[in-house]
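Descriptive structure summary
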Amino acid sequence: LKEEQIDPLLTFMSGQKRVIYDELLDFTAQKKPDLNSSQLEKLQAFLDDPSIYADNRLHTAKVELTQIEIDLRKELEEQRQQALAKIEHLQQQMQQMPEFTQINSEQQAQLNTCFNQIADTVQSQELKVSIRDKIADFERYQYPGLLTSMHNMIQTRSQGENLDSQEAISVVYEHLDRIPVAFSKNVLENEADVADYVEAVRTALLEAIRANKRINL
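Fair warning: this is a prediction, and the values are worked out from it, not measured in the lab. (Residues numbered from 1 in each chain as written. Predicted model: local features only at pLDDT ≥ 70, side-chain atom pairs only at ≥ 80, totals over all residues. Heavy atoms only, no water.)

A few words now on the overall build of the protein chain. Looking only at helices and strands, the protein chain has eight helices and two strands in total. Taken from the N to the C terminus, the helices and strands of the protein chain come in the order α-α-α-α-α-α-α-β-α-β. Counting every position in the protein chain, which comprises 217 residues, the buried fraction comes to 33%. Of the contacts made within the protein chain by residues no fewer than 6 positions apart, 64% connect residues no fewer than 24 positions apart. With the model as given, the accessible surface of the protein chain reaches about 14000 Å², and the carbon-plus-sulfur share is 49%. (Helix = DSSP H or I, 4+ residues; strand = E, 2+ residues; numbered from the N terminus. Buried < 20%, exposed > 50% of the residue type's maximum accessible area, 1.4 Å probe, protein only. Contact = heavy atoms within 4.5 Å. Areas by Shrake-Rupley, 256 points an atom, 1.4 Å probe, with all protein chains shown as cover.)

See the structure below:
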């Protein structure tokens, strides 16, 4: 029993195989949100194997781990570049708006700084899911807020500093996703459903516009 089970286990605990196992364990825990079902299943099978220390099983696990690391790194960088391109697109979109030319250089720099900050945040992320979450939050909440701020800068300059808070935020930018649409069905089954849904969307958008909202698509 000692030679067959205990000695290999003791060798595992004090040798290179233990290092590989710990690397496998740490990687799976840290990257789990980014692993697809197939990758997670492979790694978890190694971790759940009670005889992982025997034979060449950990060598096989290391080979699989290395390939998954390469794949995830490539996917992470692709996600990062897509996010940075999205940030640049939104910044250019803002800079091309007529309102941007109506604010002073200090105010322009203030708005541009927000794009630099989200770009720095994206650069520091080590998970694809984190990048997606950061960009979604920026596009749906922070970016419309920047456009609202830009409008208020113009309004304050043109009308003076005596505006009450209600007037100062009379125009609010909202992302399309944040406009609630009152529609009872979850599935569109026929042409009538499509017509009803389109009308519900139209009604919701018109209500938002009438409430002095501008909608980002």
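We now examine unusual backbone geometry. The phi dihedral of Asn212 is positive, around 65°, even though this residue is not glycine. Summarising the element assignment, Asn212 is placed in the loop between helix H8 (191–210) and strand E2 (213–216). Overall, the relative accessible area of 41% leaves Asn212 in the partly exposed class.

Turning our attention to the nonpolar core. Counting residues in hydrophobic clusters, the biggest one holds 25 residues, and the most contacted among them are Ile87, Met94, Leu111, Phe115 and Met150. Counting residues per element, the ones that place at least two in this core are helix H4 (57–95), helix H5 (105–124) and helix H6 (128–159). With nine residues, the single largest contributor to this core is H6. When near neighbours in sequence (up to four residues on either side) are disregarded, Ile87 contacts Phe115, Ile118, Ala119, Val122 and Ile135. In this structure, Tyr21, Phe27, Ile52 and Ala61 belong to the second largest nonpolar core, which totals 14 residues. (Core = buried A, V, L, I, M, F, W, Y, C linked by side-chain atoms within 4.5 Å.)

Let us now look at the pairing of E2. Pairing geometry for strand E1 (residues 172–175) and E2, over four bridges, is parallel. From the neighbouring strand, Val172 faces E2, where its bridge partner is Lys213. The β-α-β motif built from E1, the intervening H8 and the parallel element E2 has right-handed crossover chirality. (Pairing = 2+ DSSP bridges. Right-handed = clockwise from strand over helix to strand, strands pointing away.)

A few words on a nonpolar patch on the surface. On the surface, Val181, Leu188, Val194, Tyr197 and Val198 cluster together to form a nonpolar patch covering roughly 380 Å² of accessible area. Looking at the secondary structure, you find Tyr197 in helix H8. Classification of Tyr197 as partly exposed rests on a relative accessible area of 34%. (Patch = residues over 30% accessible without salt bridge, like charges linked within 9 Å, V, L, I, M, F, W, Y side chains within 5 Å. Salt bridge = Lys/Arg side-chain N within 4 Å of Asp/Glu carboxyl O.)

Here H8 is 20 residues long and its end C-alpha atoms lie 28 Å apart, about the 28 Å a rise of 1.5 Å per residue gives. All of the buried residues in H8 are Asp193, Ala200, Ala204 and Ala208. Buried residues of H8 fall within an arc of 70° about the axis and therefore sit on the same side. Residues of H8 that are exposed and point over 90 degrees away from its buried face: Glu191 and Arg210. Tucked into the core, H8 has its buried residues touching E2. Two to three positions downstream of the cap, the backbone nitrogen of Ala192 sits 3.1 Å from a side-chain oxygen, assigning the N-cap of H8 to Asn190. Count one or two residues on from H8 and you reach Asn212, which has phi positive near 65°. (Expected span 1.5 Å × (residues − 1). Arc of directions from axis to C-beta. Polar contact = N/O pair within 3.5 Å; in protein donor to acceptor, adjacent residues only side chain to side chain.)

With respect to the helices and strands, the residue Gln91 is situated in helix H4. On the accessibility criterion, Gln91 (17% relative accessible area) is buried. Polar side-chain contacts of Gln91 include one of 2.9 Å to the side chain of Asn112. Leave out the neighbours within four places in its chain, and Gln91 touches Asn112 and Phe115.

Any link to function would need more than the numbers given here.
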